[in-house]
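Remarks on the overall topology
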Amino acid sequence: MTKDTLTRWSLGDFYDDAAVVVSELVTNAIRYGLCPTAHDPLRLVLARYESQLVCMVTDPTDTAPKMQDPDWVAETGRGLHIIEAISRAWGWTPLLGGGKAVWASFSII
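For clarity, every value in this text was computed on a predicted model and none was experimentally measured. (Residues numbered from 1 in each chain as written. Predicted model: local features only at pLDDT ≥ 70, side-chain atom pairs only at ≥ 80, totals over all residues. Heavy atoms only, no water.)

Along the chain, the regular secondary structure elements total three helices and four strands. Reading the helices (α) and strands (β) of the chain from amino to carboxyl end gives α-α-β-β-α-β-β. Taken along the three principal axes of its C-alpha coordinates, the chain extends 40 × 35 × 20 Å. Burial status across the chain gives 33% buried among its 109 residues. Long-range contacts, defined as pairs at least 24 residues apart, comprise 57% of the intrachain contacts of the chain with a sequence gap of at least 6. Accessible surface computed for the chain: about 7000 Å², of which carbon and sulfur atoms make up 53%. (Helix = DSSP H or I, 4+ residues; strand = E, 2+ residues; numbered from the N terminus. Buried < 20%, exposed > 50% of the residue type's maximum accessible area, 1.4 Å probe, protein only. Contact = heavy atoms within 4.5 Å. Areas by Shrake-Rupley, 256 points an atom, 1.4 Å probe, with all protein chains shown as cover.)

Structure below.
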């Protein structure tokens, strides 16, 4: 979906970085954002504005994402560091009715 959307928007040059960010956002949402009682699924949203591309994933929990100090031999704990390194900015916001959206943006001009 990400590749098709970026190609349609003539933003194919951003695919490699966007794919890594989307993968990390979705992985974090699956790992930390799903709960057994949640009825709302995860959602991936890609938005193009005049000067930026935003990749966002929503999940049903209110827990804020938190950067970890990764153990250099561990296979986990680097996702938000990777997102921060690749994107222009990232953050999160609570959603009305519960849940949150975690996003990362890229400058496209």
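What follows picks up the thread again.
Within the secondary structure layout, Leu80 lies in helix α3 (residues 79–86). Measuring from C-alpha to C-alpha, the distance between Leu80 and Ser107 comes to 18 Å, with 27 residues separating the pair along the chain.

On to the nonpolar core, then. Judged by nonpolar contacts, the single largest core of 17 residues is most densely connected at Ala18, Val21, Leu25, Leu53, Cys55, Ile83 and Phe106. Elements with a minimum of two residues in this core: α2 (15–33), β2 (52–59), α3 and β4 (100–107). (Core = buried A, V, L, I, M, F, W, Y, C linked by side-chain atoms within 4.5 Å.)

In the structure shown here, the tally under the stated rule is zero aromatic pairs. When the ring centre of Tyr15 is taken as origin, the NZ or CZ atom of Lys3, which lies over that ring, is 5.6 Å away. (Phe/Tyr/Trp six-rings, centres within 6.5 Å; stacked < 30°, edge-to-face > 60°. Lys NZ or Arg CZ within 6 Å of the ring centre and 35° of its normal.)

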